[in-house]
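Fold and geometry: a report
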Amino acid sequence: ERCQMTASLAYSIMLAAFVYPVVVHSIWSPQGFLSAHNPTPLWGSGMVDFAGGSVVHLTGGMTALIATKILGPRTGRFHDLRGKILKEPNVFPGHSLALQ
């Protein structure tokens, strides 16, 4: 709803091809700087990932946080189209017909 399909597809490809492998290597590889199996882990303390949950949620959460920072607040909800703050936020209609 807030970004185009091509932008979402490009975001997913970049995440899967470049970001996720770096995070996975740094935690799961014995040579990774976050691995507990590395003789010299970052800040002297490595981590053990149980069933891959930490890697998946760390990567997903951080990229979602960055994406929301890039997108910013909804246009027309809290500010008018010129960027001036509205006295009261505009009410948006529900986005899902099934959940209304």
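Residues numbered from 1 in each chain as written. Predicted model: local features only at pLDDT ≥ 70, side-chain atom pairs only at ≥ 80, totals over all residues. Heavy atoms only, no water.

**A word on the side chain of Ser-26**
- The residue Ser-26 is located in helix 1 (residues 5-28) in this model.
- At a separation of 2.8 Å, a polar atom in the side chain of Ser-26 contacts the main-chain carbonyl oxygen of Val-23.
- Ignoring any residue separated from it by four or fewer positions in sequence, one finds Ser-26 in contact with Gly-32, Phe-33, Leu-34 and Ser-35. (Helix = DSSP H or I, 4+ residues; strand = E, 2+ residues; numbered from the N terminus. Polar contact = N/O pair within 3.5 Å; in protein donor to acceptor, adjacent residues only side chain to side chain. Contact = heavy atoms within 4.5 Å.)

**Here we look at the layout of surface pockets**
- There is about 170 Å³ of room inside the largest pocket.
- Every residue lining the largest pocket is listed: Cys-3, Ala-7, Ser-8, Tyr-11, Ala-67, Ile-70 and Leu-71.
- If you list the elements that add at least two residues to the lining of the largest pocket, you get helix 1 and helix 2 (53-71).
- Broken down by class, the residue content of the lining of the largest pocket amounts to six nonpolar, one polar and no charged. (1 Å grid on protein atoms, 1.4 Å probe; cavity = no way out; pocket = protein on both sides within 12 Å on 5 of 7 lines; lining within 4 Å. Points joined across faces, edges and corners; volume = space filled by probe spheres on them. Nonpolar A, V, L, I, M, F, W, Y, C, P; charged D, E, K, R; others polar.)

**What to know about a nonpolar patch on the surface**
- Residues Met-14, Phe-18 and Val-19 make up a contiguous nonpolar surface patch of roughly 290 Å² in combined accessible area.
- Considering the arrangement of structural elements, one finds Val-19 in helix 1.
- Judged by its relative accessible area of 36%, Val-19 falls in the partly exposed class. (Patch = residues over 30% accessible without salt bridge, like charges linked within 9 Å, V, L, I, M, F, W, Y side chains within 5 Å. Areas by Shrake-Rupley, 256 points an atom, 1.4 Å probe, with all protein chains shown as cover. Salt bridge = Lys/Arg side-chain N within 4 Å of Asp/Glu carboxyl O. Buried < 20%, exposed > 50% of the residue type's maximum accessible area, 1.4 Å probe, protein only.)

**Examining the side chain of Ser-35**
- Within the secondary structure, Ser-35 sits in the loop between helix 1 and helix 2.
- On the basis of relative accessible area, Ser-35 is assigned to the buried category, the value being 0%.
- Apart from residues lying up to four places away in sequence, Ser-35 is in contact with Ser-26, Ile-27, Ser-29, Pro-30, Pro-41, Gly-46 and Met-47.

**Some points on the environment of Asp-49**
- Within the secondary structure, Asp-49 is located in the loop between helix 1 and helix 2.
- What makes Asp-49 buried here is its relative accessible area of 14%.
- Considering only alpha carbons, one finds Asp-49 and Trp-28, 21 residues apart in sequence, at a separation of 7.5 Å.
- Apart from the residues lying within four places of it in its own chain, the contact partners of Asp-49 are Ile-27, Trp-28, Ser-54 and Val-55.

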